[in-house]
Structures are given as C-alpha cells and as structure tokens.
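Residue-level listing of the chains:
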Amino acid sequence: MDTAEIRRRYLAHFERAEHTPVPSASLLLDDPNLLFVNAGMVPFKPYFLGQETPPYQRATSVQKCVRTPDIEDVGKTTRHGTFFEMCGNFSFGDSFKEGAIELAWDLVTKPLEDGGWGLEESRLWPSILDGDDEALQLWMKVTGLPAERIVKLGRKENYWSMGVPGPGGPCSEILYDRGPAYGPDGEFATTSRTEMPTELEDRYLEIWNLVFMQDELSAVRSKEDFDIRGPLPKKNIDTGMGLERVAFLLQGVENMYEIDVMFPVIERAEALTGRRYGADHGDDVRFRVVADHVRSAMMLIGDGVTPGNEGRGYVLRRLLRRAIRSVRLLGYEDRALPELMPISRDRMGETYGELHRDWERISTVAYAEEDAFRQTLRAGTTIFDLATTEVKQSGGSQLSGDKAFALHDTYGFPIDLTLEMASEQGLSVDEQGFRRLMGEQRDRAKADAKSKKGQHKDARAYREVVDAMGAPVEFTGYTEVVSEGSVRGIVAAGGVVPSAHEGDEIELVLDRTPFYAEGGGQLADQGIIELENGARLEVRDVQSPVTGLIVHQAKVLSGEVALGVGAQSRVDVERRRSISRAHTATHMVHKAFREALGETATQAGSENAPGRFRFDFSATGAVPGSVMADVEARVNEVILDDLAVHAEVMSQAEAVKSGAMALFGEKYGDKVRVVSVGDWARELCGGTHAGSSGNLGVIKLLGESSIGSGVRRVEALVGSDAYRFLAREHVLVAQLSETLKVRPEQLPERVNDIVERLRAAEKEIEKVRVGQLLSAGGQLAAGAADVNGVKVVAHRADGAGGGDVRTLALDIRGRLPAGVPGVVVIIGNAEGKVSVMAVVNDEARSRGLSANDLVRAVGPLVGGKGGGKDDVAQGGGTDPSGIDDALALVATQVARAVSG
C-alpha cells in the first residue's frame, strides 16, 4: 500500500465517523514559540486552549510537520527525521476515550479489502498510563485483549502536557511488535516499567498515540512531576500517528527511509555516486541525510521559506547544505539538487499539488542555494586552512569553539565538515564552546520571534477577555474610520484589570473598532479613543494576539477607563490613507514584477508604512536597472488608468479559481477576502487599500538589494513622499545641467566622460606614486646594514599600504648583492593601519632565517599578527606607535637566528 493510499484511508475512516476533514495547514503558522508546525495538533491549539471556539466538534487531518532539534542525529539512526506527516483525529468536548480507542483499533485491524490496514492483532500492544483503570477496561472491552496484553507505563512515557500550566491528560499508545529480530522480548506481563527501555524501541514500534485531554494542570515541573488542579470543563481527544511509520510497516521495508516517497531519492543518489545503500554504515548515514533533507527543504521552500542566516531561513539553509555536503562525501562533486529534488517532487506531488504548480520557484531557490554553497565550500576551505595553520603554529591541538562557530555562521561551513577536516589535520574541535554559541544564537532567534504579538505575554489574559466577550471583536475599518463601541477588556502588565487611570499604559479591547491591527505587512493604525465619561486615550499600536481579538496598545491621557463605558474611536485618517496607498502600491509592484520576471517572482515579505513601502520577492540575482525602470513605468501607467480597487469575500476555492494570489506563510480561513486592482492585480488580503489606483498619485522605486539567498528587496515611495523625492531629483538635475552646461538628457554622457577622465588621471597619479616609492629601493639596498654577514634592510614607509610595502620589499630584495644572505622588512602606516612585509632570499633561508618568523616576532609590537612562508610573509596591526620598536627588533632577531 503506497503512502498516498494510507493517507486516503485514514481520512476516509474518520470522515465516515463524522470527523470534518481539515487540510494540512502551512508549516509556518504564526506561533511565537514555534519555528515550524511540529505536531498535528498545533493548528488546533487555540481550540484546545479555549482561545477560540472550534467550528466543528470533531476533526481529522494529515498535517505537514518539521522537527529540527535533533537535526544532527538524522541518518545516524533510522528513527530520526525532520519532515514528516502526522495523521490526527480530534474531538473538542464531544467523544472521549472509548470513541478514540474504538476508531483507532478498528482502522489498524480492519482487513485491507474493507478499507483498513490489516495489521495482525497478535502483534499489537496497547499501552496505558499505569493507574488509568478506565483506559485499561476500555481497551479490554474494545479489543478483547486480556489485561496482561496491555502495557502499563509511567507518567514520563504516557502522560501529555504542554510543559506549562494548562490542559493535560493520560495517553494510550498502540505499539507494533516487529519480532525478535529487532530486540528482546518485552516481558510486559511480568515486568513493571515506568518507561519503555531503549533496547525495546525498535522492536515495539509506537505507531499511534491517543491523548485523553482531561486534566487542568496548575503546575508542571517535569514530565513526571506536575500538579492537577482538577478536571477540564470539556474533555478533548488529540491523537497523532506518524504516517511514515505506518507506511514502512505496510510496505514491508525496514524503516521510513525505504518507503515509496523517500527511497527513490536514495536510489538516484546511488546512481550518481556509484555507492550502494546498505554496504557501509557511514555511507548509509549520508544517503539518509540526503533523502530526508532534500524532502524537508523542498516542503519548506514550498511553504515560502527562503535560505537565510536567522530563524526559519537558517534551518532551511542547514538542511540544504547538509544534503549537498553528504552527496559530496559520497563522491559526487557536480550540482546534485537538480538530480535529486525532482524525484522527491514527483513522489510528494501526488498529495501536494502545489509542488508541481510552484516548481519553478521552488527549484530556483534551492538550486541557487546549492550554487552559493559550492562557492562557500571553496572559500571556507581556505579560511579553515588558515585557522588550523594558526593553531598548529601556536603549538595547540584544538580548534576553538568560536572559530568553528564563525566557519558555521559566517561561511555556512557545517560543523560535521569542520570536525571531519580537523580530524584529518590531527586536531580536535571545542564542540562544547561551539554548542554554547549555537545555543545563544537559538535563544536570540526565539526572543526575536516572541516580539510584537501583544505586550502581555501570558495568553491567559487574552483568553479571559475573549471568554468574557463571548464574540469576536467587530472590525469596522473597511468602511469607516470613526466608530462607536464600548470597553470590553483592559489588560495591564499584571493581567486583566477592571480599570485604568491617567498615565497608565494598557491594552484596551472594544467590542467594535475601526483600528487596523498590524498584519499582512501593513503597519497598525494610530489615533484617539474617547470614552463617554470624558476619558481620553492615545492609541500607539494595535495587535491581534489571538484570533478574533483586537487590542489597542494605548496610553491613558486623562480620566478613568472602566469596563462597559461607551467609546468613540477615531483613526488618524492621514496616516491610514498613506498606509493604504502604500499597501495598494505593494500589490501593483508585485504584479508588475511577475509580469517582468515571470511567475517565480513571488512576494516573500513586505512592510506598508506611511508614504513608503518595502517589497521582498524571490529572484536568483540582482534585478537589472532596465527591469526596475519597466516595473516603475508599468505601475505608474496603471495609476494613470485610475482602476477601481475593490474587495470581495469568497471561498478559498473560488479565490484560486479567480486567479487571486495567496501569500506564503499567511493564515487564511475558509472564507477569504480578495482585493483587486481593476482586473489586473488580484490577491488574498485582509488589509486596507486606496479607493482606486489613481489615488496613489505616483510611485518611485528607490533601489533593490539582496537580503538573503534568492530574495531581493525593493524600497519605494508612494504619493506625496514620491512626489517630494522626484521634486528634489528635478532640482538636482537642473543644478547639474547648469554647472556642466549641458541639457538634462545629455547629463549621463557628460558625467560618464568626467568619470573616465578622473579614472585615467588616477592611474597616472598611481604610476607616479609607485615610481617614487621604488626609486628609494636602490638607495635602501645600497645602505643595507650588515648583521653577522646578513644584509638587513628595516625601513619605515609612512603613507604606504599593504600593496605598497610588498612592492617595495620585493624590489629591494632583488637589488641586494647576489650570493649574499639578505633580509628586508618594510612596515607601512596608512591612516592608522599598519602593514608589515618581510622577505628573505635563498641564501638567508640557508642560514636559518624565515620571513614567517620575523613577521610573527614584530607583529605584536604594532598591535597585530601575521604569517606566511619562509621566503615571503605579511601581517598587519593597529598601533603605529610601535613601528620603530618593531624595526629595531629585526636586527636582533636576525642576529639571534644566525648565531643560533
């Protein structure tokens, strides 16, 4: 049974049992605690936490998931993977333990011809939390199994919580016995255990986990140590089943890497490398890394992630580079992703059709990252060689953690590559220091991710307001900028409060508001709220920390704010209009870039601020100036056409059919809002917009730049800001025309002519300067000091940079008497930067003199260091005051080396 069929049977089974099928959410849900969706229940978390009312009592899904904490263990065992699919069925206060057990057991044991999976009952072992007598009796009732066939495990194994106060409950797992070839007998009937021993995990494979969410936890100290406040008002079911695990059981293969959606990638890697999977453990690890990471990277790019140095982009970059590195270690040096990723696309594309639709974009991002990494490997190897040389010359045997981290973070060098290459050089690596720095970086990334979603970090405060309201906040801002409402919630630093007074900074919730909460790249509205009791508040920011709730981050300017008081909200109209123009302009620029560069130029981010906007999009390289000009001209043409901008609400299917663009990483409901600029640009969007394209006036693209591999950023102005910029440009052009005595259209040619003449003059000046510098060479060579039979020139060259001192030193060495040992050390000083150059001839080297030793000796005196070969070495420093002492040391070093 192929994986797609297993998935279909799972969803059909639960749909027949009155569960609503829910499509997989994006891997990029807006959760400050998660980089990626890592479990099937994550999209349903607001329902389990009581933050939102579920639109159904029962649901089922097969959710895309990515887990990356153990990314470096992938491939070392067959149990670890990054991307996986989790089959889940959920009940929100409806059916409970018995229903979940019945449905799970029915599916796994039902014969294949009846739509089930046909697993042998004799191989299945249910497990329960030791002491959960209700679950024990239900398993015996549903399955007919005796008590000794049901495994009892402790809290660490069979109790679920979120790790913080909130919902929790006992678990039941379904274990599949793979037989004695995979481990010893469990002896469950006679042995009491708190957790499943590691040596039994391969044999007794967990395929399904049923969580009975029944308790409210008041404190959680560890998996085994927590306090139960009492039962939850509503008991819920949350189950999770790894699709890949069931697939390898039903397909009769050894592990997840050998199933139908993964092994073809390994087979292609075998053909490319000439190696065979199963022949060598080290090679097998690399094959598995390739299969896993290629698929994971493809799915992440499909959901809108692009390679970068922070957060999600950093994880994607690691996955791609580990895959590329593994293929290289298997012996394949050419571009690998164009050979491997299409295989994964074809296997996963049956379920996720967007992989085919968006393939041009996905492949462009992935292949560009491989090209960049191939260059990185070449450059990083040079940096690594310098670092190891420095360690060896200092007598050390370990590469420091900060060096390894710099290679990893700055140059993209995988740590396993650093470890392997260091070992080849006879060196170890300070892994502990490296891990510490990596941990600090992860902590910083998590801290960044938690910002901006409401000042009060405990979601319970917002949940309390939502529960009290009983309905979502009504947003009226699409049609009005002044609204009447009433105060429904006040949140301060300590949580929900009944009132607030002058000077307090609070988060205010109204039942109706025209204030737009930041989202979709659009900045929040600002303005004033006045209460009917005379209180007045200044709204500085607006956020939506949970679905259905809009909170105004405001300062009380006067009076008392109390619950139930009527309120009039007034949006800063000029700011709103300016932001709305920017948002509409972003849609139009997006459309124009797709026309100019193709469908792969999809939006990767934006910010719509008053009078200006920033637009990020996918592109493999810099955008030519001609394309920028074309895009700007095209958008301004549409502005002149004064097309109407209108919004419609429709189903997602209708929106896609109408040609509307959806943005990656955005969360959309069953009903979506589609904003159209005439019939030209159409996108799913919840933001505010101008009434027509003509309202924008004019846009001006300021420039574009790279913000990461495969992503470009355009900065632009719109409306009066663009007009003022163009007016300043006009004045500047007029001034230049007057100064250079040419017409405006002749300015480019005239300026280019001046620049070329300046360059020619600079070259002539450089020739003269170098000639003057070298003219001193003969005199310095003739005046060389004699130190124990060695001709020594130690000279200070003020105003000379690194290239100058090298030229002069080599010139002097060539002028020294033939057959006589000679040493030349030149130290330059240009703008406070010290450059050191040492050269020796062959006769001096035969006397034991080394340019490398000389640079290493004098470097500390000028606040620096350096090195090189025995005949030529160079260095630098930051302390010009030590130059004279450094030059004086040269003769001493020569005398010591010769006499020694």
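Remember, it's a predicted structure, so these values are computed and weren't measured experimentally. (Residues numbered from 1 in each chain as written. Predicted model: local features only at pLDDT ≥ 70, side-chain atom pairs only at ≥ 80, totals over all residues. Heavy atoms only, no water.)

**Some thoughts on the overall build of the chain**
Convention followed: Going along the chain from the N terminus, every DSSP run of H or I of four or more residues is numbered as a helix, and every run of E of two or more is numbered as a strand. Partly exposed describes any residue whose relative accessible area lies between the buried limit of under 20% and the exposed limit of over 50%, with all areas from a 1.4 Å probe on protein chains only and scaled to the type maximum. Whether two residues are in contact is decided by their heavy atoms: any pair within 4.5 Å suffices. We get accessible surface area from the Shrake-Rupley algorithm with a probe of 1.4 Å; when it comes to residues, only the shown protein chains can shield them. When charges are counted, Lys and Arg contribute as positive and Asp and Glu as negative, whereas His and the chain ends are disregarded. Charged side chains are reduced to one point each, which is NZ for Lys, CZ for Arg, CG for Asp and CD for Glu.
When helices and strands are tallied, the chain shows 25 helices and 35 strands. Residues counted as buried form 51% of the 900 residues belonging to the chain. Considering only contacts within the chain whose residues lie at least 6 apart along the sequence, 69% involve residues at least 24 apart. Roughly 39,900 Å² of accessible area belongs to the chain as shown, and the carbon and sulfur atoms make up 48% of that amount. Separation of charge centres in the chain, based on 105 positive and 135 negative side chains, amounts to 3 Å.

**A short note on the layout of surface pockets**
Basically, it comes down to this: Both cavities and pockets are sets of points on a 1 Å grid over the protein atoms alone; in a cavity a 1.4 Å probe fits but cannot get out, in a pocket the set is open with protein on both sides within 12 Å along at least five of seven lines, and lining residues sit with an atom within 4 Å of a point. Grid points are joined across faces, edges and corners, and a volume is the space filled by probe spheres set on the points. By the convention adopted, Pro, Cys, Tyr, Trp, Phe, Met, Ile, Leu, Val and Ala count as nonpolar, Lys, Arg, Asp and Glu as charged, and the other residues, Gly among them, as polar.
Volume-wise, the second largest pocket comes out at about 480 Å³. In terms of lining, the second largest pocket is formed by 16 residues, of which the most central are Leu 386, Ala 387, Thr 389, Glu 390 and Lys 865. Of all the secondary-structure elements, those providing two or more residues to the lining of the second largest pocket are helix H12 (359-393), helix H13 (401-409), helix H24 (851-858) and strand S34 (865-868). The element best represented in the lining of the second largest pocket is H12, accounting for six residues. Across the lining of the second largest pocket, the residue classes tally to six nonpolar, six polar and four charged.

**What about helix H3 (residues 97-109)?**
Which entries qualify depends on this criterion: In this scheme, a helix's expected span is set at 1.5 Å multiplied by one less than its residue total.
Look at H3: 18 Å from first C-alpha to last across 13 residues, which is about the 18 Å you get at 1.5 Å a residue. Within H3, 10 of the 13 residues are buried, leaving the element largely enclosed by the surrounding structure. Taken as a whole, H3 has its buried residues at Lys 97, Gly 99, Ala 100, Ile 101, Leu 103, Ala 104, Trp 105, Leu 107, Val 108 and Thr 109. Contacts from the buried residues of H3 go to helix H1 (3-16), strand S4 (124-129), helix H4 (133-143), strand S7 (166-177), strand S8 (204-220) and strand S9 (226-242).

**Things to note about the sheet that holds strand S29 (residues 711-718)**
Under the convention used in this document: By definition, two strands form a pair when at least two bridges between them are found by DSSP. Angles here are taken between N-to-C directions and fall from 0 to 180 degrees, while the axes themselves are lines fitted to C-alpha atoms, restricted in helices to the stretch in contact.
Reading across from one edge, S23-S24-S29-S28 is the order of the four strands in this open sheet, with antiparallel pairing throughout. Either end of the sheet is taken by a strand with one partner, and the two such strands are strand S23 (603-609) and strand S28 (699-708). Each adjacent strand pair in this sheet contributes to an overall mean axis angle of 15°, direction not counted. Direction of pairing for S23 relative to strand S24 (residues 612-618): antiparallel, over a ladder of six bridges. Bridge pairing in S24 places Asn 608 opposite Phe 613.

**Let's talk about the pattern of salt bridges**
This is how it is decided: By definition here, a salt bridge exists when the distance from a side-chain nitrogen of Lys or Arg to a carboxyl oxygen of Asp or Glu is within 4 Å.
Using the criterion set out here, one finds 55 salt bridges in the structure. Salt-bridge contacts for Arg 275 lead to Asp 283; the nearest nitrogen and oxygen are separated by 3.0 Å. Residue Asp 842 is joined to Arg 845 by a salt bridge in which the shortest nitrogen-to-oxygen separation is 3.5 Å. With Asp 842 and Arg 845 both in helix H23 (residues 842-846), this residue pair falls three residues apart, about one helical turn.

**Topic: the sheet that holds S34**
Strand order in the open sheet made by the six strands is S30-S31-S32-S33-S35-S34, with mixed pairing throughout. The two strands at the open ends of the sheet, each matched to only one other strand, are strand S30 (785-787) and S34. Each strand of the sheet is rotated relative to its neighbour by a mean of 20°, with strand direction disregarded. One ladder, built from eight bridges, connects strand S31 (residues 790-798) with strand S32 (residues 822-830); its direction is parallel. The residue of S32 that forms the bridge with Arg 796 is Ile 827.

**Some thoughts on the packing of aromatic side chains**
Rules: Geometry of aromatic contacts follows a simple scheme: Phe, Tyr and Trp rings, the Trp one being its six-membered ring, pair when their centres are within 6.5 Å, and the pair is stacked under 30 degrees between planes, edge-to-face over 60, tilted otherwise.
By the definition in use, this model includes 27 aromatic pairs. Between Phe 263 and Tyr 277, the aromatic rings sit 5.8 Å apart at their centres with planes inclined by 70°, giving edge-to-face as the arrangement. Here Phe 263 is found in helix H7 (residues 263-273), whereas its partner Tyr 277 is found in the loop between H7 and helix H8 (281-302), with 14 residues between them in sequence. The buried category is assigned to Tyr 277, whose relative accessible area is 17%. Centre to centre, the rings of Phe 593 and Phe 617 are 4.5 Å apart; their planes meet at 25°, and the pair counts as stacked. Separated by 24 residues along the polypeptide, Phe 593 in helix H17 (residues 573-597) and Phe 617 in strand S24 bring together distant segments of the chain. You can call Phe 593 buried: its relative accessible area is 0%. By way of ring pairs, the aromatic residues Phe 44, Tyr 47, Phe 48, Tyr 56, Phe 90 and Phe 92 are connected into one cluster.

**Points about the environment of Ile 343**
Checked against the element boundaries, Ile 343 lands in helix H10 (residues 337-348). Taking the C-alpha atoms as reference points, Ile 343 and Arg 268, separated by 75 residues in sequence, lie 8.0 Å from one another. Apart from residues no more than four positions distant in its own chain, Ile 343 is found in contact with Pro 264, Val 265 and Arg 268.

**A word on the pairing of strand S26 (residues 671-677)**
With six of seven residues buried, S26 is to be regarded as a mostly interior element. Pairing of strand S25 (residues 645-651) with S26, which is carried by seven bridges, proceeds in the antiparallel orientation. Paired with Val 645 across the bridge in S26 is Val 677. Across four bridges, S26 lies against strand S27 (residues 681-684) in antiparallel orientation. Looking across to S27, one finds that Val 674 is bridged to Leu 684. If you look at the hairpin formed by S26 and S27, you'll find three residues sitting between the two strands, and Gly 678 has a positive phi there, around 60°.

**Re the nonpolar core**
We count it as follows: Nonpolar cores were defined as sets of buried Ala, Val, Leu, Ile, Met, Phe, Trp, Tyr and Cys residues, with membership established by side-chain atoms within 4.5 Å.
In terms of nonpolar packing, the biggest core is built from 107 residues, with Tyr 10, Trp 117, Ile 207, Trp 208, Leu 340 and Met 341 touching the most fellow members. At 10 residues, H12 tops the list of elements feeding residues into this core. Val 487, Ile 506, Leu 510 and Ala 524 belong to the second-largest nonpolar core, a separate cluster that totals 34 residues.

**A look at unusual backbone geometry**
With a phi close to 65°, Glu 18 is a non-glycine residue in the positive phi region. Summarising the element assignment, Glu 18 is placed in the loop between H1 and strand S1 (20-21). At Glu 831, a position not held by glycine, the phi torsion is positive, near 55°. With respect to the element layout, Glu 831 can be found in the loop between S32 and strand S33 (833-840). Its relative accessible area of 86% is what places Glu 831 among the exposed residues.

**Description of the side chain of Ser 606**
Using the following cut-off: Each polar contact in these results corresponds to two N or O atoms within 3.5 Å; when the atoms are within protein, one needs to be able to donate a hydrogen and the other to accept it, and residues that are neighboring in sequence are counted only if both atoms are side-chain atoms.
Mapping Ser 606 onto the fold places it in strand S23. Among the residues examined, Ser 606 registers a relative accessible area of 15% and is labelled buried. Only 3.2 Å separates the side chain of Ser 606 from the side chain of Gln 603, close enough to count as a polar contact. Leaving out residues up to four positions away in the same chain, Ser 606 has contacts with Gly 520, Gly 521, Thr 586 and Arg 614.

**What about helix H25 (residues 883-899)?**
Helix length check: H25, at 17 residues, gives a terminal C-alpha distance of 25 Å against a target of 24 Å (1.5 Å per residue), a fit within 8%. What H25 keeps buried is the set Ile 883, Ala 886, Leu 887, Val 890, Gln 893, Val 894 and Val 898. Of the surrounding secondary structure, the elements contacted by the buried residues of H25 are S30, S31, S32, S33 and H24.

**Looking at the environment of Lys 110**
With respect to the element layout, Lys 110 can be found in the loop between H3 and S4. The contact partners of Lys 110, leaving out residues within four places of it in the chain, are His 13, Arg 16, Gly 115, Gly 116, Trp 117 and Gly 118.

**Describing the packing of H8 against helix H9 (residues 311-329)**
Quick note on the threshold: Left-handed describes a crossing in which the near helix is turned anticlockwise from the far one by less than a right angle; the clockwise case is right-handed.
Axis separation between H8 and H9 bottoms out at 8 Å; the angle between their running directions is 150°. Between H8 and H9 lies a crossing of left-handed hand. Side by side, H8 and H9 meet where Arg 286, Val 289, Val 290, His 293, Val 294, Ser 296, Ala 297, Leu 300 and Ile 301 of the first sit next to Leu 316, Leu 319, Leu 320, Arg 322, Ala 323, Ser 326, Val 327 and Leu 329 of the second.

**A look at the state of the cysteines**
Our working definition: Here, two cysteine sulfur atoms that lie within 2.5 Å of each other are counted as a disulfide.
One pass over the full model with this rule turns up zero disulfides. Between Cys 65, a free cysteine, and Cys 87, which holds the nearest cysteine sulfur, the sulfur-to-sulfur gap is 9.8 Å.

**Topic: the packing of H24 against H25**
The cut-off we apply is this: By definition in this entry, angles of less than 35 degrees are roughly parallel, angles greater than 145 are roughly antiparallel, angles of 65 to 115 are roughly perpendicular, and the rest are oblique.
Direction vectors running N to C along H24 and H25 enclose 135°, while the axes themselves pass 10 Å from each other. Our classification of the angle between H24 and H25 gives oblique. The crossing of H24 and H25 is right-handed. In this structure, H24 uses Leu 854, Ala 857 and Val 858 to contact H25, whose residues at the interface are Ala 886, Leu 889, Val 890 and Gln 893. The class makeup of the residues in the contact of H24 with H25 is six nonpolar, one polar and no charged.

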